Amino acid sequence: MTNTSLPHENRSARRSARVSGWLSVLALLAAATLCAMALDQHVTLMSQAMIYVLAVVIASYKLGRLESVVCAVGSVSALNFFFVPPRWTLAVENRELFVALAAMLGVSLVISHLAAGVRRESQAARQSEQRARQLAPFGRRVRLRQQRAIRKVVQPNLQLEGQVVERSQHPPTGRLGDDSVLHRVALSVRRLIGDTDG
């Protein structure tokens with residue numbers, strides 16, 4: 001029963017996130033419009049346009065690509081409808097304002113695209129950091145196992161070398177066998193080392 005309810009929960013969460021995104025777009029546009037209306041008598045049309053561009057930047061950083069593009073188009077439309085003469089229509093009185101609105105739309109779309117790229121990169125960096133944190137204990141375990149394996153191989157060799165050096169310093173007393181062979185090998189090695197040093 002839990003497995004069948006999981007896809008339904010995922011769909012419900014995605015739908016809720018989508019609705020929340022669209023409500024955020026509406027809230028940003030409403031807040032920008034109210035702010036621009038409050039400043040209408042004190043600032044120029046281009047300053048009001050910057051308020052809408054700020055709304056687009058926020059939408060681009062916090063929301064998905066589609067929502068930020070819709071916010072950009074909505075910002076230009078709201079600026080045109082509420083503040084560009086003739087007001088309360090979507091008609092544009094002169095070409096200069098039309099070019100300004102088109103430039104604002106272009107800038108808003110570029111900002112939307114760039115912010116989406118930054119959001120993707122930061123998300124990828126967070127995922128990489130999370131993977132690195134997950135792999136760190138594994139790397140430590142592998143390193144410890146390698147060190148143990150190296151010790152198992154090197155330590156007996158060091159002990160054997162110590163025995164050879166010790167036996168070469170104290171030659172056997174007339175006894176043949178392994179000790180005399182080791183003694184001869186150690187002496188030969190000493191002579192070779194002595195020859196190369198001199």
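First, a word on scope: everything that follows refers to the structure included in this document. Source: prediction; values computed, not measured.

### Digging into the packing of helix H2 (residues 45–62) against helix H3 (residues 65–83)
Two numbers describe a pair of packed helices, the interaxial angle and the distance between the axes.
Alright, step 1. Two numbers describe how H2 lies on H3: the axes approach to 9 Å, and their chain directions differ by 160°. In terms of their interaxial angle, H2 and H3 are classed as roughly antiparallel. Considering the relative orientation of H2 and H3, their crossing is right-handed. Residues Leu45, Gln48, Ala49, Tyr52, Ala55, Val56, Ala59 and Ser60 of H2 lie in contact with H3, whose contacting residues are Ser68, Cys71, Ala72, Ser75, Ala78, Leu79, Phe82 and Phe83.

### Focus on a positive patch on the surface
Alright, step 1. Together, Arg140, Arg141, Arg143, Arg145, Arg148, Arg151 and Lys152 line one region of the surface with positive charge.
Alright, step 2. We classify Arg148 as partly exposed; its relative accessible area is 47%.

### As for the environment of Tyr52
Alright, step 1. In this fold, Tyr52 is placed in helix H2.
Alright, step 2. It is 7.6 Å that separates the C-alpha atoms of Tyr52 and Val76, two residues lying 24 residues apart in sequence.

### So, unusual backbone geometry
Alright, step 1. Here Pro85 and Pro86 are connected by a cis peptide whose omega angle stands at -10°.
Alright, step 2. If you trace the backbone, Pro86 turns up in the loop between H3 and helix H4 (95–169).
Alright, step 3. Within the chain, Trp88 stands out as a residue other than glycine whose phi angle is a positive 65°.
Alright, step 4. Among the structural elements, Trp88 can be located in the loop between H3 and H4.

### A word on a nonpolar patch on the surface
Alright, step 1. On the surface, Val19, Leu23 and Leu26 cluster together to form a nonpolar patch covering roughly 300 Å² of accessible area.
Alright, step 2. Leu26 gets classed as exposed once you look at its relative accessible area, which sits at 56%.

### A word on the packing of aromatic side chains
Alright, step 1. On inspection of all chains with the given rule, the structure shows 5 aromatic pairs.
Alright, step 2. When the ring of Phe82 is compared with that of Phe83, the centres are 6.3 Å apart and the planes differ by 55°; the resulting orientation is tilted.
Alright, step 3. One aromatic cluster in this structure is built from Tyr52, Phe81, Phe82, Phe83 and Trp88.

### A few points about the nonpolar core
Alright, step 1. If you look at the biggest cluster of nonpolar residues, it comprises 24 residues, and the most contacted ones within it are Leu45, Tyr52, Cys71, Leu79, Phe83, Val84 and Met104.
Alright, step 2. Listed by contribution, the elements that provide at least two residues to this core are helix H1 (2–38), H2, H3 and H4.
Alright, step 3. At 8 residues, H2 tops the list of elements feeding residues into this core.
Alright, step 4. In contact with Met104, other than residues within four places in its own chain, are Ala49, Tyr52, Val53, Ser75, Val76 and Leu79.

Rules used throughout
Residues numbered from 1 in each chain as written. Predicted model: local features only at pLDDT ≥ 70, side-chain atom pairs only at ≥ 80, totals over all residues. Heavy atoms only, no water. Axes fitted to C-alpha atoms, helices over the stretch in contact; angles between N-to-C directions. Helix = DSSP H or I, 4+ residues; strand = E, 2+ residues; numbered from the N terminus. Parallel < 35°, antiparallel > 145°, perpendicular 65-115°, else oblique. Left-handed = near helix turned anticlockwise from the far one by under 90°. Contact = heavy atoms within 4.5 Å. Patch = residues over 30% accessible without salt bridge, like charges linked within 9 Å, V, L, I, M, F, W, Y side chains within 5 Å. Areas by Shrake-Rupley, 256 points an atom, 1.4 Å probe, with all protein chains shown as cover. Salt bridge = Lys/Arg side-chain N within 4 Å of Asp/Glu carboxyl O. Lys, Arg positive; Asp, Glu negative; His and termini not counted. Charge placed at Lys NZ, Arg CZ, Asp CG, Glu CD. Buried < 20%, exposed > 50% of the residue type's maximum accessible area, 1.4 Å probe, protein only. Phe/Tyr/Trp six-rings, centres within 6.5 Å; stacked < 30°, edge-to-face > 60°. Core = buried A, V, L, I, M, F, W, Y, C linked by side-chain atoms within 4.5 Å.

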